[in-house]
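Understanding the architecture of this molecule
Listed here are the chains, written in short residue letters.
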Amino acid sequence: HALVESWQASVKQLALTEDASQLAAVRALAAYDEASSLSDRCALRPWAYIYGPVGSGKTMLLDHFAAQSRVRGPSTKPPLRQHYHDFVLSVHARLHEQQQRREKVVRRTLQGLEVYEYSDKDGTSVDTLVHVAAQISRDHALLCIDELCVTDLADALVMGRLLSAILHTGTRVVCTSNQPPAKLFESGANRARYVGAMSALLLRRCEPVRV
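Let us look at the structure shown here. Every chain begins its residue count from 1, and numbering advances along the sequence as written. Local features in this predicted model are restricted to residues of pLDDT 70 or higher, and side-chain atom pairs are both shown and tallied only at a pLDDT of 80 or more, whereas totals for entire chains, interfaces and linings draw on every residue. For the side-chain quantities, the full set of heavy atoms in the structure was used; hydrogens and water were omitted.

With that settled, the discussion passes to the pairing of strand β2 (residues 80-83). For each residue, the accessible area found with a 1.4 Å probe, counting protein chains only, is set against the maximum for its type, and the residue is called buried under 20%, exposed over 50%, and partly exposed in between. Numbering of helices and strands runs from the N terminus; a helix is a DSSP stretch of H or I covering at least four residues, while a strand is a stretch of E covering at least two. Alternating residues of β2 divide into L80 and Q82, all buried, and R81 and H83, none buried. In this sheet, strand β6 (residues 142-146) lies alongside β2 in parallel orientation, the contact comprising four bridges. Residue pairing in the sheet places R81 in a bridge with C144 of β6. Think of it this way: DSSP has to see at least two bridges between two strands before they count as a pair.

Here's what the structure looks like:
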């Protein structure tokens, strides 16, 4: 596979030490790339998830995959490759843009909390996060997220819902992280409430590869 061959050539050109776990990860990504390039971009196919300690080469692997992957969408735009925190910021910016274009209504939850809902001019309720997921999927057939982690619980809620929406569009996702999905924010307070949905989705969808 060209992905493996170009990786081996890069290792040799840069005079890097060959690493068996990195090569295994590249081979797993190559198999993922082969499946992703099929005409039927089935949403049931798994995503890719590379994890390992700092300095294990995760970012280099992701950059190599993003540059060499054959996954392309109708827009012919390259894969969207961002650090997790930059991606979260861009999602919030897209959300703000979507919300500014719509009517805002305040409603009260069963617990008595005031929350905002958004609607189109005809009064139809709109989930702006679903629109953001559709935007991303329209422009990119592949989403590469580097250094996935959980430090902000509100962001974790948003990301869980966003990734769930992206799943149904057929857009492929590759993540890197220092931790496997089951250990994201492992000992944090209220983990099940805030991080549980995202972690469960990643556990269901990803084939973790350790480097």
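Turning next to helix α5 (residues 128-139). Expected span of a helix: the number of residues minus one, times 1.5 Å. The end-to-end C-alpha distance of α5 is 17 Å, a good match for the 16 Å that 12 residues give at a rise of 1.5 Å each. Residues of α5 that are buried: T128, L129, V132, A133, Q135, I136, S137 and D139. Here a residue-residue contact requires only that any non-hydrogen atoms of the pair lie within 4.5 Å. Of the surrounding secondary structure, the elements contacted by the buried residues of α5 are β2, α4 (84-100), β4 (114-119), β5 (125-126) and α6 (153-167). Between the side-chain oxygen of the N-cap and the backbone nitrogen of L129 there are 3.1 Å, and the N-cap of α5 in question is D127. As used in this structure description, the phrase polar contact means that two N or O atoms lie within 3.5 Å; if the pair is within protein, one of them must be able to donate a hydrogen and the other to accept it, and residues adjacent in sequence are counted only when both atoms belong to side chains.

It is characteristic of soluble globular proteins that their nonpolar side chains tend to be buried jointly. For the purposes of this section, nonpolar cores are sets of buried Ala, Val, Leu, Ile, Met, Phe, Trp, Tyr and Cys residues that join through side-chain atoms within 4.5 Å. With 54 residues, the main nonpolar core has F87, M159, L162 and V174 as its most contacted residues. Among the elements that line this core, the one with the most residues is α6, at eight residues. Among residues more than four places away in sequence, those in contact with M159 are Y84, F87, V88, I145 and M198.

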